[in-house]
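Coordinate analysis (summary)
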Amino acid sequence: MFISGIGCSSRFPYYMNTYGFHTIHGRAPALATGLKLARPELKVFVVTGDGDGLSIGGNHLLHVLRRNVDVTILLFNNRIYGLTKGQYSPTSELGKVTKSTPMGSADRPLSPCSFALAAGATYVARTVDRNIAHMEETLRSASAHKGAAFVEILQNCNVYNDLAWNVLYDKESKILHECRLEHGKPIMFGPPDDRRGLVLEGVKPKVVKVKDVPESTLWVHDSSDRATAMLLAQLWAPDYPIPLGTLLSLEGETTYEEILVQQEQKAISDRGPGISRSSSWQARPGRSAEQAGR
Amino acid sequence: MIFDIQRGGPSTGLPTKTEQADLMQALYGRNSESPIVVIAPCTPGDCFYIAYEAIRIAIKYMVPVMVLSDGYLANGSEPWLIPDVKTLPDIPVAFRTETEGFAPYLRDAATLARPWVRPGTPGLEHRIGGIEKEDVTGNISYDAENHDHMVRTRAEKVRRVAQEIPPTSINGPDSGEVLVVGWGGTYGAITAAVEEAQMEGKAVASIHIRHLNPLPPDLGQILRQYRRVLVPEINSGQLVRCCAPSISSTRWDSTGSAACRWRARKSSRPSINFWRQSSEHGHGYARRDAEVHEEGLRVRPGRSLVPRLRGLRHPERGAEDDARASASRRKTSCSSRGSAARAGFRTT
């Protein structure tokens, strides 16, 4: 089941040969939550964008994540409102000139992965549209996760925001900055002959040349740790690498619908189906008439 | 399903006080032409049954339903016998599983509802959503003629809900001088006032509308049975704007007379001079035409109508009765405002 909001991203259900709800702007998480409660056995994807998910539906996205509803959320981030022909979005860069910001955007951009981590998502990953193999791997991993899985897909808009992620499209820049995360392995990036890594000085990440430091000092990615995932989500070029892959993946977390279904079953087994009469009393017509007569 | 527990507005307005001022918004407050079913409970206990009715209609017609409750009902209470769930009427849902000949926008001939398909049913995969669809196929369509057809189909679907509405029950004689038409949480106040007037021998009846869109099919007929129609609402007159055209057109069809009038009047307190004024106007009408009067009653339910109906002037009685009415009027706190209200009326 694919549930989407509004925008270019949210046309997605029409491209899938399965069940789809193309819902209201920003509100796909609300419908997905409802569906998941009614039909916990369904596999539910939410498809949203940087505008739909982070501006119009920022509130809904927050709550579907913190509740850990078992849905896979794909956020197509092209840093622009493309369907309405090019207005700045919550992820547009500071100073960006668009139709609605002719003198440059005064808004500071939001980091979708930081948002998701702060909201309490139990799975957060990032991938990029031009790397189909990596995207497939990431989507498989996200959809296998139990709980709210959030995937930011860095995406181009060749009409209204071409080369939106040129930092990862441009060959030279990509080699310098793209950083594939692998759980349990040191975080490394850069050209093969000049690999860079990260070390943590206290809580501050520092870029080092791999050959200059002993491998044991390198920051090893632990996708089960939210604190370091939040550090990773903040890293960006040019000073730092751009982490791609699974930032956080917490296994075995209870989902929202599990708790509610349990509560419902308990209520039924404790009190029986139907309307509870435990704290009710019955008005007898004869007696109330008598009282009225007094 | 949308439950609107109305309060005084706009915005935060009177957050803990009641009002019935969301009716127009419920009926028309959307983009494009998108009617939905609107129903309203009349007592705290009725809230249970109206919710049940909302679900029944929504499922049978596959249509959004808005329930207009209000602060008075939500904060009110009354003895309510918990029903035996087994005695409640069934709400049947037929989930389609047959793949042969399936299309997502096929419609039931009687209700125009589309087929209910549980997501996940193999072979019936389809996409739905707010973007306009081609009828039957459910493909996205920007075609003007299809859009027009779909707008009309959606409206017709809501209109057909009228066939679900039981005959309107009338509290009092089924014809006469005055019919009081209410909706929502004013049920208790209106019923008490009308029954009091009836005990005084006045030819007054009342009906309470639970289905606001579509309106009960017998409403026009009932309204025509009375010489005057009083529509007290806790707003500036919203239901009256829905009822007045309905009887206007009915009468037009049957008698050819544009019979219905209504007055816009905003008042923070009820005026007992209302009926006196309207009966003066009424002298000009030789025919037994219904008049619909709009009332803005921003007062507590239960307090408003009794003095008003006491001041009702019987057309077949003379000055003696008028004197009695004004005597009773003087007893109320509203009497000092009489002349101002009268002046207000003449200007409208």
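Please read all numbers here as calculations on a predicted model, not as lab measurements.

Quick look at the overall build of chain B now. In terms of regular secondary structure, chain B is built from eleven helices and nine strands. Counting only residues that meet the buried cut, chain B has 34% of its 348 residues in that class. Looking at chain B alone, contacts between residues at least 24 apart form 74% of all its contacts between residues at least 6 apart.

So, on to the sheet that holds strand E11 (residues 196–201) of chain A. Residues and elements named next belong to chain A. Spatial ordering of the open sheet is given by E10-E11-E12, a layout of three strands whose pairing is antiparallel. Edge strands, defined here as strands with exactly one partner in the open sheet, are strand E10 (188–189) and strand E12 (204–209). Pairing analysis gives six bridges linking E11 to E12, with the strands arranged antiparallel. Bridge assignment links Arg196 to a residue of E12, and that residue is Lys209.

Our next topic: the nonpolar core. By size, the foremost hydrophobic cluster in this structure holds 59 residues, and its most contacted members are Val124(A) and Phe150(A). Examining the composition of this core, we find that five residues originate from one element, strand E8 (residues 149–154) of chain A, more than from any other. Residues lining this core come from more than one domain, with at least three contributed by each of domain 1 (2–183 + 221–258) and domain 2 (186–220) of chain A. In this view, Val124(A) contacts Cys113(A), Ala116(A), Leu117(A), Phe150(A), Ala229(A), Leu247(A) and Leu248(A); residues no more than four positions away in its chain are not counted. In this structure, Ala40(B), Val67(B), Val194(B) and Val229(B) belong to the second largest nonpolar core, which totals 47 residues.

Residues and elements named next belong to chain A. At a closest axis distance of 8 Å, the pairing of helix H4 (residues 112–119) and helix H8 (residues 226–234) adopts a crossing angle of 160°. Classified by the angle between their axes, H4 and H8 sit roughly antiparallel to one another. H4 and H8 meet at a crossing whose hand is left-handed. Counting all contacts with H4, which are made through Cys113, Ser114 and Leu117, the residues of H8 involved are Arg226, Ala229, Met230, Ala233 and Gln234. Considering only residue class, the contact of H4 with H8 consists of five nonpolar, two polar and one charged.

A few words now on unusual backbone geometry. Residues and elements named next belong to chain B. The omega torsion across Gly9 and Pro10 is 0°, close enough to zero to call that bond cis. Within the secondary structure, Pro10 sits in the loop between strand E1 (2–6) and helix H1 (23–28). In this structure, Pro214 follows Asn213 across a cis peptide bond, with omega equal to -5°. Tracing the backbone through its elements, the reader meets Pro214 in the loop between strand E7 (211–213) and helix H6 (219–223). Backbone geometry places Ser11, a non-glycine residue, at a positive phi of 55°. With respect to the element layout, Ser11 can be found in the loop between E1 and H1. Look at Ser11 and you get exposed, because 5 C-beta atoms sit within 10 Å. The backbone of Met62 shows a phi angle near 50°, a positive value even though the residue is not glycine. Among the residues examined, Met62 registers 16 C-beta atoms within 10 Å and is labelled partly exposed.

For helix H9 (residues 256–271) of chain A, with 16 residues, the first-to-last C-alpha span of 23 Å sits near the 22 Å given by 1.5 Å per residue. The positive-phi residue at the C-terminal boundary of H9(A) is Gly272(A), with phi of around 85°.

Rules behind the numbers
Each chain carries its own residue numbering, running from 1 in the direction its sequence is written. Each chain takes a letter, starting from A, and each ligand takes a number, starting from 1, following the order in which they are written. Only residues with pLDDT of at least 70 get local features here, since the model is predicted, and only at 80 or more are side-chain atom pairs given and counted; chain-wide, interface and lining totals rely on the full set of residues. To qualify as a helix, a DSSP run of H or I must reach at least 4 residues; to qualify as a strand, a run of E must reach at least 2; elements of each kind are numbered from the N terminus. To sort residues by burial, count the other C-beta atoms lying within 10 Å of each one's C-beta; a count of 20 or more means buried, 12 or fewer means exposed, and anything in between means partly exposed. C-beta atoms are built from the backbone. For the purpose of contact definition, each residue receives a C-beta atom placed from its backbone, and two residues are in contact when these atoms lie within 7 Å. In short, DSSP must find at least two bridges between two strands for them to pair. Definition of nonpolar core: a set of buried Ala, Val, Leu, Ile, Met, Phe, Trp, Tyr and Cys residues joined via C-beta atoms within 7 Å. Residue ranges labeled as domains rest on an automatic or database domain assignment. Here the axes come from fitting lines to C-alpha atoms, over the contacting stretch only for helices, and the angles between their N-to-C directions go from 0 to 180 degrees. Any angle that falls under 35 degrees is termed roughly parallel, while one over 145 is termed roughly antiparallel, one within 65 to 115 roughly perpendicular, and all others oblique. Each helix crossing is assigned a hand: it is left-handed if the near helix lies turned anticlockwise from the far helix by less than a right angle, otherwise right-handed if that turn is clockwise. By the convention adopted, Pro, Cys, Tyr, Trp, Phe, Met, Ile, Leu, Val and Ala count as nonpolar, Lys, Arg, Asp and Glu as charged, and the other residues, Gly among them, as polar. Take the number of residues in a helix, subtract one, and multiply by 1.5 Å to get its expected span.

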